[in-house]
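Architecture at a glance
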Amino acid sequence: MSINIAVLPGDGIGPEIVREALKVLDVLNREYGLNAEWEEAAIGGVGYEESGDPYPEVTRKLSREADAVLLGAVGGPKWESLDKPLRPEAGLLGIRADLGLFANYRPARVYRQLLDASTLKPEVIDGVDLMVIRELVSGVYFGQPRGIVEEGGQRKGLNTMSYTEAEVERIARTAFETARLRTGRVCSVDKANVLDVSEFWREIICRVHGDEFSDVELSHMYVDNAAMQLIRNPKQFDVIVTSNLFGDILSDEASMLTGSIGMLPSASIGERHAMYEPIHGSAPDISGQNKANPLATVLSVSMMLKYTLNQSDLADKVDAAVEAVLDDGLRTPDLAGGEQLVSCSGMGDAVCAKLERMGAEQV
Ligand code: NAD
Ligand code: IPM
Ligand code: MN
């Protein structure tokens with residue numbers, strides 16, 4: 001039986017990086033017997049241009065029926081002044097909510113080959129291997145009331161940060177279960193010293209831990225301290241579980257441990273659906289120039305193979321191919337430091353060549 005993937009390239013560098021990820025899937029089909037098929041659809045700014053909707057109905061239908069979704073990135077200056085529901089970002093939040101993708105896994109792993117690419121000292125980052133688990137369909141991103149309103153002759157802007165008990169319970173379970181497969185440590189990041197929503201979050205995390213996961217080591221950290229500790233001593237972390245907004249910020253921060261935001265993949269998982277996307281955006285400053293780093297997207301394919309398609313062996317091959325091109329010194333400009341500079345497509349081709357060679361050696 002074939003696997004059906006909904007491919008949503010999106011805006012800016014989205015189509016460039018997704019093209020390279022699809023080349024990798026092509027090699028896996030050809031050389032490794034993966035039976036993946038895909039269909040492309042519009043999301044974000046291109047969705048708005050095509051149909052007036054950043055999450056068009058055809059895209060919704062395709063994504064709901066697919067075994068998995070692969071997304072590039074959305075957004076760009078062209079659409080910034082549209083009404084909020086028409087903006088590209090609304091399309092991304094829309095698909096996450098529509099598919100119920102509540103758990104966003106954002107692994108930050110430092111590759112030895114890239115120790116020099118980070119702005120941090122090698123001894124601080126060598127060996128970092130952490131997982132940010134970000135709640136993705138609630139919190140201040142979705143809370144009501146929200147808006148820009150007039151009150152007593154004054155305009156004001158507001159959002160609401162809220163979590164229900166069930167929402168915290170399910171992300172807590174995700175984090176503890178993930179930790180059991182790693183080194184068994186969870187750090188829950190909140191702002192419980194100030195925010196009621198965080199106090200509640202902490203209470204539920206503690207209850208789920210005590211009732212179901214007392215074998216896992218649990219700690220708590222305020223988000224301001226966590227932002228500092230990530231830079232001071234990132235190796236203290238294994239699994240970080242946190243709310244939507246804090247996870248957005250901390251995962252971008254964690255990406256710089258690895259040398260570039262162009263290295264960080266993600267998996268967004270719900271009860272019935274799963275979507276895979278790099279954590280970075282559409283990078284309008286470099287789009288159309290064939291110089292984006294496609295590895296975050298290639299590694300997102302690896303996460304798809306492992307988490308949804310039950311093809312851990314193939315995921316390992318993709319990871320090994322990425323390591324091999326880094327061993328060869330190939331670097332897109334975001335990683336550059338004197339080694340061999342390659343383009344976005346050059347990097348994709350190199351990963352494919354490694355995979356092809358590994359496939360041939362196997363037979
Ligand atoms: P960004 O992540 O797009 O870019 C930040 C910086 O990182 C830029 O200098 C960019 O060139 C660089 N960068 C990002 N990805 C890279 C890659 N693969 N290779 C090399 N360099 C890379 O964040 P931003 O500039 O704040 O946002 C730009 C647009 O993207 C906005 O419209 C924003 O809303 C959107 N956005 C979308 C997503 C998403 O689709 N998941 C995520 C973040 C931002
Ligand atoms: C991300 C992005 C999105 C978010 C934006 C584009 C809506 O920053 O995927 O990290 O804030 O979740
Ligand atoms: Mn983000």
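Our structure's up above, just so we're on the same page.
Residues numbered from 1 in each chain as written. Chains lettered and ligands numbered in written order. Predicted model: local features only at pLDDT ≥ 70, side-chain atom pairs only at ≥ 80, totals over all residues. Heavy atoms only, no water.

1. Concerning the packing of helix H6 (residues 165-180) against helix H7 (residues 196-212)
Test applied: For helices, the fitted line uses only the C-alpha atoms of the stretch in contact; every axis is such a line through C-alpha atoms, and the angle between N-to-C directions lies from 0 to 180 degrees. Numbering of helices and strands starts at the N terminus; helices are DSSP runs of H or I of at least 4 residues and strands are runs of E of at least 2. Working definition: roughly parallel below 35 degrees, roughly antiparallel above 145 degrees, roughly perpendicular at 65 to 115 degrees, and oblique for all remaining angles. Each crossing gets its hand from how the near helix is turned against the far one by less than a right angle, where anticlockwise is left-handed and clockwise is right-handed. Contacts: residue pairs with any heavy atoms within 4.5 Å of one another. Amino acids outside the nonpolar list (Ala, Val, Leu, Ile, Met, Phe, Trp, Tyr, Cys, Pro) and the charged list (Asp, Glu, Lys, Arg) are all regarded as polar, and Gly is one of them.
Contact geometry for H6 and H7: axes closest at 9 Å, N-to-C directions at 50°. The angle between H6 and H7 falls in the class oblique. When you trace H6 past H7, the crossing you get is right-handed. In contact with Glu-165, Val-168, Glu-169, Ile-171, Ala-172, Arg-173, Phe-176 and Arg-180 of H6, H7 contributes Phe-200, Trp-201, Ile-204, Ile-205, Arg-207, Val-208, His-209 and Glu-212. Among the residues forming the contact of H6 with H7, the class breakdown is nine nonpolar, one polar and six charged.

2. Here's the deal with the sheet that holds strand S10 (residues 239-242)
Through backbone hydrogen bonds, the strands of a sheet pair up, either in parallel or in antiparallel fashion. Put simply, the rule is: Strand pairing requires that DSSP identify at least two bridges connecting the strands.
Strand order in the open sheet made by the 10 strands is S2-S1-S3-S12-S11-S4-S5-S10-S8-S9, with mixed pairing throughout. Of all the strands in the sheet, the pair left with one neighbour each is strand S2 (36-40) and strand S9 (217-222). Ignoring which end each strand starts from, the neighbouring axes of this sheet average 25° apart. Bridge count between strand S4 (residues 103-109) and strand S5 (residues 129-135): seven bridges; the pairing is antiparallel. Looking at S5, one finds that Arg-109 is bridged to Asp-129. Together, S4, S5, strand S8 (185-190), S9 and S10 form the strand contacts of H6, whose direction differs from that of S5 by roughly 165°. Contacts from helix H9 (residues 244-255) reach S4, S5, S8 and S10 within the one sheet, and its direction differs from that of S5 by about 155°.

3. Regarding the site of ligand 2
Operational definition: One heavy atom suffices: a residue is near a molecule or strand as soon as one of its heavy atoms comes within 4 Å of it. Here a polar contact means two N or O atoms within 3.5 Å. Within protein one must be a hydrogen donor candidate and the other an acceptor candidate, and residues neighboring in sequence count only if both atoms are side-chain atoms. Using the Shrake-Rupley algorithm and a 1.4 Å probe, accessible areas are obtained, with residue cover drawn only from the displayed protein chains. The method works on a 1 Å grid over the protein atoms by themselves. A cavity is a set of points holding a 1.4 Å probe that cannot get out, a pocket is an open set with protein on both sides within 12 Å along at least five of seven lines, and residues with an atom within 4 Å of a point line them. Pocket occupancy is defined atom-wise: a molecule lies in a cavity or pocket when more than half of its atoms are within 2 Å of its grid points.
Taken together, Glu-89, Leu-92, Arg-96, Arg-106, Arg-134, Tyr-141, Asp-248 and Ile-279 are the residues near ligand 2. One nitrogen or oxygen atom from the side chain of Arg-106 is found 3.0 Å from an oxygen atom belonging to ligand 2. Between ligand 2 and Tyr-141 there is a distance of 2.6 Å, counted from an oxygen atom to a side-chain nitrogen or oxygen. In the complex, 78% of the free accessible area of ligand 2, which totals 320 Å², lies under the protein chains. Judged by the proximity of its atoms to the pocket grid, ligand 2 belongs to the largest pocket. A total of three residues in the shell around ligand 2 trace back to one element, the largest contributor, which is helix H4 (residues 88-98).

4. Details of the site of ligand 1
Around ligand 1, the surrounding shell holds 21 residues, and the nearest of these are Glu-89, Gly-281, Ala-283, Asp-285 and Asn-293. A distance of 2.8 Å is found between an oxygen atom of ligand 1 and a backbone nitrogen or oxygen belonging to Gly-281. Counted by class, the shell around ligand 1 contains 10 nonpolar, seven polar and four charged residues.

5. Observations concerning the packing of helix H1 (residues 14-32) against helix H11 (residues 312-327)
In the contact formed by H1 and H11, the axes pass within 12 Å of each other and the chain directions differ by 125°. Taken as axis vectors, H1 and H11 run oblique relative to one another. When you trace H1 past H11, the crossing you get is right-handed. Seen from H1, the contacting residues are Val-24, Leu-28 and Tyr-32; seen from H11, they are Leu-314, Lys-317 and Val-318.

6. Concerning empty space enclosed by the protein
Sizing a probe to match a water molecule and rolling it over the atoms shows the empty space that remains. Note the following rule: Grid points are joined across faces, edges and corners, and a volume is the space filled by probe spheres set on the points.
Enumeration according to the criterion identifies two cavities of 30 Å³ or more in this entry. Of the volumes computed, that of the largest cavity is approximately 50 Å³. Residues that form the lining of the largest cavity fall into these classes: four nonpolar, two polar and three charged. In this model, the second largest cavity occupies a volume close to 40 Å³. Around the second largest cavity sit Met-161, Tyr-163, Val-189, Asp-190, Val-197, Ser-198, Trp-201, Ser-243 and Phe-246, which together line it. Broken down by secondary-structure element, the contributors of at least two residues to the lining of the second largest cavity are S8 and H7. Grouping the amino acids of the lining of the second largest cavity by side-chain chemistry returns six nonpolar, two polar and one charged.

That is the geometry; function is a separate question.
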